[in-house]
Amino acid sequence: MTIRLLLADDHPVVRAGLRAVLDTEPDFAVVAEAATAERAVELAAAGGVDVVLMDLQFGAGMHGAEATAAITGAGGGPRVLVLTTYDTDADILAAVEAGALGYLLKDAPPEELAAAVRTAAAGQSALAPTVAHRLMDRMRTPAQALTKRELEVLQLVGEGLSNQQISKRLFLSQATVKSHLVHVFAKLGVDSRTAAVAAATARRLIRR
């Protein structure tokens, strides 16, 4: 059976490289490409695709995790395999909660990528070893792990947003934002926004 693939990445060179690698597999067929997350959602909804290889960052517009949620939430659509350069907790959790069956890094060897595509097409989880390890670490120490919302708040702090701006972006009250930050400080063992961002970046919890 041929596995029909949709490549969703805003870099033409990346898509061309992926197509060159995937075309060497006899049971793969790249049937569509999308340069934006919005276009990926449209093409996935049109049918004729089994697996979407989804980047997370598309510049302006919809994020890859949002597109993943739209595709998987529709029901009966293709599986989504995230293929990205980011391995932070914030990115991994957002993708997994959005319904991605797999999460692979772009530096994965071709044979690992091919195996992940086949695994996702079969409806099974396909996680890069480093990603699986990070998720296992979170499960082993749940009291110390930052929640998805805490990671979202901290990511925006790292981008320089104030509590007021964060509350508007995430549709939270400022009191709730402050509460999340209090929990973040306690879990990271820090006492300032700057220290929290530095600690979280060093541990690859958020992106800088």
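The structure we're discussing is the one just above.
Residues numbered from 1 in each chain as written. Predicted model: local features only at pLDDT ≥ 70, side-chain atom pairs only at ≥ 80, totals over all residues. Heavy atoms only, no water.

Brief notes about the sheet that holds strand β4 (residues 79-84)
The condition is simple: Criterion used throughout: strands pair if DSSP finds at least two bridges between them. In DSSP terms, a helix is any run of H or I states spanning at least four residues, a strand is any run of E spanning at least two, and both are numbered starting from the N terminus. Contact definition: two residues touch when any of their heavy atoms are within 4.5 Å. Each axis is a line fitted through C-alpha atoms, taken for helices only over the stretch in contact, and angles between the N-to-C directions span 0 to 180 degrees.
Pairing in this open sheet of six strands is parallel, and the strands run β2-β1-β3-β4-β5-β6 from one edge to the other. In this open sheet, the two edge strands, each paired with only one partner strand, are β2 (28-34) and β6 (126-127). The sheet contact formed by strand β1 (residues 3-8) and strand β3 (residues 51-54) spans four bridges and is parallel. Directly across from Leu6, in β3, lies its bridge partner Val52. Strands β3 and β4 of the sheet are contacted by helix α3 (residues 64-73), whose axis makes an angle of about 165° with β3.

Details of the environment of Leu127
Residue position: Leu127 is located in strand β6. Remark: the alpha-carbon pair of Leu127 and Asp10, spanning 117 residues in sequence, is separated by 22 Å. Setting aside its immediate chain neighbours within four residues, Leu127 contacts Gly102, Tyr103, Ala132 and Leu135.

Some thoughts on the packing of helix α9 (residues 174-188) against helix α10 (residues 193-202)
As a reminder of what qualifies: An angle below 35 degrees is read as roughly parallel, one above 145 as roughly antiparallel, one from 65 to 115 as roughly perpendicular, and any other as oblique. Each crossing is labelled by how the near helix is turned from the far one, with a counterclockwise turn of less than a right angle marking it left-handed and a clockwise turn marking it right-handed. Each residue gets one label: Ala, Val, Leu, Ile, Met, Phe, Trp, Tyr, Cys and Pro are nonpolar, Asp, Glu, Lys and Arg are charged, and the others, such as Gly, are polar.
Running from N to C, α9 and α10 cross one another at 55°; their axes reach a closest spacing of 10 Å. When the axes of α9 and α10 are compared, the pair comes out oblique. Between α9 and α10 the crossing geometry is left-handed. Along the contact surface, α9 presents Leu181, Val184, Phe185 and Leu188, while α10 presents Arg193, Ala196, Ala199 and Ala200. Within the contact of α9 with α10, the residues separate by chemical class into seven nonpolar, no polar and one charged.

Considerations on the pattern of salt bridges
Our working rule: The salt bridge criterion pairs a side-chain nitrogen of Lys or Arg with a carboxyl oxygen of Asp or Glu, the two atoms within 4 Å.
According to the stated counting rule, one finds 16 salt bridges in the structure shown. The salt bridge partner of Glu25 is Arg118, with a shortest N-O separation of 2.6 Å. Residue Glu25 is located in the loop between α1 (12-22) and β2, and its partner Arg118 is located in helix α5 (residues 110-121); the two are separated by 93 residues in the primary sequence. Each of Asp9, Asp55 and Lys106 takes part in a single network of salt bridges with overlapping partners.

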